[in-house]
Amino acid sequence: MAVWYHAADLVLSRLDAEDAHGLSIRALKSGLVPRDRRPDPPSLAVQVWGRPLSNPIGLAAGFDKNADVPDALLGLGFGLVEIGSVTPTPQDGNPRPRVFRLPEDRGVINRMGFPGQGLDAALSRLKRRPRRGVVGVNVGANKDSPDRAADYVTCAAALAPYADYLVCNVSSPNTPGLRNLQGRTQLGGLLKRVQDAIAAEPVPLLVKIAPDATDDDLDDIVAVCRDLRMDGIIIGNTTLSRPANLQSPRRSEAGGLSGAPLTALATEVLRKTAQRVERQFPLIGCGGIGSGADAYARIRAGATLVQLYSMLVYEGPPLVRRIKDELAALLVRDRFASVADAVGADL
Ligand SMILES: Cc1cc2nc3c(=O)[nH]c(=O)nc-3n(C[C@H](O)[C@H](O)[C@H](O)COP(=O)(O)O)c2cc1C
């Protein structure tokens, strides 16, 4: 751990998890967090959706819900940053506390329920930023919405001109009923409506699914995505499951579990998804990634890109550089010239 982050961590780890997060956003806004200025190893360069990325390591949705600091986050060395989930209207989410660290397990449980400033706030920030780097926009539905599919359409249509890719998040466990949108008919209808809504200004459209998807769920989800020629699937969101070996006293908090306890499940569901997708579109592996070895295993299981959030809570921004260095060394060790050569190597 870098010295500067060790000092910051002494403060952050003593705060409520959400207060610590707020402080991190403020530090990023004020330019206090050191940037990663070293160029990425050429072997990490990837080409996705016709665009070059200098590395495949992304920041997952949920850290920058309101598009406050996408460019400062790109400056930490991420190859892509995903903002959101953005909902049409502002909402408070669930009562606090609603984010819990599980340090003994290197995990996090959250039941935030999409708190956010809503579409207009995110839109005005995205409009003001320079279009540099890859910034994806993740969209969701308001809790009290009478037509949840319409919420995705509203957000996607408004945000598409300012997004490098769009993600329909149908897998948050903290908005009751949201995961039902992953069913075959519902998902097909929803994604088709979104595709039609952004047809005038097409951007890559992805769907983010739950790592709790069964084999039958995956059959349906992948069939819909292949039919509609989607641009990718993110596998995945937090899990409602609780591995039996969790140590932390907080392990029974309600909500979605993320971080290290999710690694094995997320890798397995990614692999099953990749087998069904047969390279028709790229996959993003997400869940419990905290090292170059984790990222490499996800790439070998079929991911072109990876994303992370929870392990940043424990390791801070220096983690991004470390993962990139470790991943580059693993590619050399196994004689892969590039990330693309290693994608799906274990399938
Ligand atoms: C506090 C918190 C808030 C999150 N909010 C969102 C969100 O708004 N939208 C979303 O798609 N995923 C959200 N996620 C899920 C992450 O994007 C990611 O899919 C999940 O945490 C697994 O990755 P990780 O183990 O690297 O954290 C959130 C996760 C956490 C921990």
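Since this is a predicted model, take the numbers as computed values, not measurements. Think of each chain on its own: its residues are numbered from 1, step by step along the sequence as written. Only residues with pLDDT of 70 or above have their local features reported here, since the model is predicted, and side-chain atom pairs are shown and tallied only from 80 upward, although totals for entire chains, interfaces and linings are computed over all residues. Hydrogens and water are ignored here; the side-chain numbers use all heavy atoms of the structure.

Chemist: Would you mind going over the overall build of the protein chain in detail, with residue names and values included?
Modeler: In terms of helices and strands, the protein chain carries 12 helices and 13 strands. In this setup the radius of gyration rests on C-alpha atoms only. A globule is expected at 2.2 Å times the number of residues raised to 0.38. For 347 residues, the compact-globule estimate of 2.2 N^0.38 gives 20 Å, and the protein chain sits close to it at 18 Å. Along the first, second and third principal axes, the C-alpha set of the protein chain runs to 50 × 45 × 45 Å. Think of it in three bands: residues with accessible area under 20% of the maximum for their type are buried, residues over 50% are exposed, and the middle band is partly exposed, with areas taken using a 1.4 Å probe on protein chains only. Here the protein chain holds 347 residues, and the buried ones make up 58% of them. A separation of at least 24 residues holds for 73% of the contacts in the protein chain among residues at least 6 apart in sequence. Accessible surface, the protein chain as shown: approximately 14300 Å² in total, 52% of it carbon and sulfur. Here the protein chain holds 42 positive side-chain charges and 38 negative ones, and the gap between their average locations is 4 Å. The secondary structure listing takes helices from DSSP runs of H or I that are at least 4 residues long and strands from runs of E that are at least 2 residues long, numbered from the N terminus. Two residues form a contact once any of their heavy atoms are found within 4.5 Å. Using a 1.4 Å probe, accessible areas were evaluated by the Shrake-Rupley method; residue-level cover was limited to the displayed protein chains. The charge count includes Lys and Arg as positive and Asp and Glu as negative, but it does not include His or the ends of the chains. Charged groups are reduced to one reference atom each: NZ for lysine, CZ for arginine, CG for aspartic acid, CD for glutamic acid.

Chemist: Lay out the site of the ligand with the relevant residues and their values.
Modeler: Near, as used in this document, describes a residue that has one of its heavy atoms within 4 Å of the molecule or strand being considered. The ligand sits among 24 residues. The nearest are A61, S85, G259, G288 and S310. Polar contact criterion, stated in full: a pair of N or O atoms within 3.5 Å, where within protein one must be able to donate a hydrogen and the other to accept it, and residues adjacent in sequence count only if both atoms are side-chain atoms. One of the backbone nitrogen or oxygen atoms of A61 is found 2.6 Å away from an oxygen atom of the ligand. Note that an oxygen atom of the ligand is positioned 3.1 Å from one of the side-chain N or O atoms of N169. Relative to its free-state accessible area of 610 Å², the ligand is covered by the protein chains to the extent of 97%. Sorting the residues of the shell around the ligand by element identifies β4 (80-86), β6 (107-110) and β11 (256-259) as the ones contributing at least two each. Residues are sorted three ways: Asp, Glu, Lys and Arg are charged, Ala, Val, Leu, Ile, Met, Phe, Trp, Tyr, Cys and Pro are nonpolar, and all the rest, Gly among them, are polar. Residue classes in the shell around the ligand are distributed as 8 nonpolar, 14 polar and 2 charged.

Chemist: Can you break down a nonpolar patch on the surface residue by residue, with the values?
Modeler: Surface patches are defined over residues having more than 30% relative accessible area and no salt bridge, joining like charges when they lie within 9 Å and nonpolar side chains (Val, Leu, Ile, Met, Phe, Trp, Tyr) when within 5 Å. Salt bridges are counted wherever a side-chain nitrogen of Lys or Arg sits within 4 Å of a carboxyl oxygen of Asp or Glu. There is a patch of nonpolar side chains on the surface, built from L10, V11, L15 and L23 and spanning about 300 Å² of accessible area. Position of L15 among the secondary structure elements: in the loop between α1 (3-12) and α2 (17-29).

Chemist: Report on the pattern of salt bridges, specifying residues and quantitative values.
Modeler: Taken as a whole and judged by the stated rule, the model has 30 salt bridges. We note a salt bridge from E18 to R96, for which the minimum N-O separation is 3.5 Å. A residue pair is termed long-range when its members are at least 10 positions apart, and E18 in helix α2 and R96 in the loop between β4 and β5 (99-102) qualify at 78 residues. In this structure E18 comes out as buried when scored by relative accessible area, which is 14%. Classification of R96 as partly exposed rests on a relative accessible area of 46%. Measuring nitrogen to oxygen at the nearest pair gives 2.9 Å for the salt bridge that ties D334 to R333. Connected through shared salt-bridge partners, D36, R38, D40, R321, K324 and D325 make up one network.

Chemist: How would you sum up empty space enclosed by the protein? Please name residues and give values.
Modeler: Using only the protein atoms, space was sampled on a 1 Å grid; points where a 1.4 Å probe fits but cannot get out form cavities, open sets with protein on both sides within 12 Å along at least five of seven lines form pockets, and lining residues are those with an atom within 4 Å of a point. Grid points are joined across faces, edges and corners, and a volume is the space filled by probe spheres set on the points. Scanning the entire structure with this criterion turns up 1 cavity of 30 Å³ or more. Taken as a whole, the largest cavity encloses approximately 30 Å³ of empty space. Taken together, K65, N66, S85, V86, T87, G116, Q117 and G118 make up the full set of residues lining the largest cavity. Among the residues forming the lining of the largest cavity, the class breakdown is 1 nonpolar, 6 polar and 1 charged.

Chemist: Please give an account of the sheet that holds strand β10 (residues 232-235) that cites residues and values.
Modeler: Picture the strands of a sheet paired through backbone hydrogen bonds; they go either parallel or antiparallel. The rule for pairing is simple: two strands pair if DSSP sees at least two bridges between them. If you walk around this closed barrel you meet the 8 strands as β3-β4-β7-β8-β9-β10-β12-β13, and the pairing is parallel. Going from strand to strand, the sheet's axes swing by 25° on average, the running direction of each strand aside. Relative to strand β12 (residues 283-286), β10 runs parallel, the two being bridged by 3 bridges. The residue of β12 that forms the bridge with I233 is L283. In this analysis, axes come from line fits to C-alpha atoms, helices being fitted only over the stretch in contact, and the angle between any two N-to-C directions falls in the range 0 to 180 degrees.

Chemist: Any details on the sheet that holds β6? Residues and values, ideally.
Modeler: Here 3 strands make up an open sheet; going across it, the order is β5-β6-β11 and the pairing antiparallel. Looking at strand neighbours, the two that pair on one side only are β5 and β11, the edges of this open sheet. Sheet twist, expressed as the average angle between the axes of neighbouring strands with direction ignored, equals 25°. Direction of pairing for β6 relative to β11: antiparallel, over a ladder of 4 bridges. Looking at the pairing, V108 lines up with S258 of β11.

Chemist: So what's going on with helix α9 (residues 292-300)? Which residues, and what values?
Modeler: Regarding α9, the residues found buried are G292, A295, Y296, R298, I299 and R300. Turning to α9, the residues buried within the fold contact β3 (57-59), α8 (263-277), β12, β13 (305-308), α11 (318-333) and α12 (339-342). The backbone nitrogen of A293 lies 3.3 Å from a side-chain oxygen of the residue at the head of α9, namely S291. Phi turns positive, to about 125°, at G302, one or two residues after α9.

Chemist: Describe the layout of surface pockets, naming the residues involved and giving the relevant values.
Modeler: By volume, the second largest pocket is sized at about 390 Å³. As for the second largest pocket, its lining consists of 18 residues, and the residues nearest its centre are S54, L74, G75, F78 and G133. Breaking the lining of the second largest pocket down by element, the ones donating at least two residues are β2 (51-53) and α3 (70-75). For the lining of the second largest pocket, the element with the highest residue contribution is α3, accounting for 3 residues.

Chemist: Tell me about the packing of helix α5 (residues 148-159) against helix α6 (residues 184-197), and name the residues and values.
Modeler: Helix-helix packing: each pair is described by the crossing angle between the helix axes and the interaxial distance. Between α5 and α6, whose axes approach to 9 Å, the crossing angle comes to 25°. Looking at the two axes, α5 sits roughly parallel to α6. Between α5 and α6 lies a crossing of right-handed hand. Between α5, through A149, A150, Y152, V153, A156 and A157, and α6, the contact on the second element is made entirely by L190, R193, V194 and A197. Roughly parallel means an angle under 35 degrees; roughly antiparallel, over 145; roughly perpendicular, 65 to 115; everything else is oblique. Rotating anticlockwise by less than a right angle from the far helix to the near helix defines a left-handed crossing, while the corresponding clockwise rotation defines a right-handed one.

In short, shape yes, function no, at least from these values alone.
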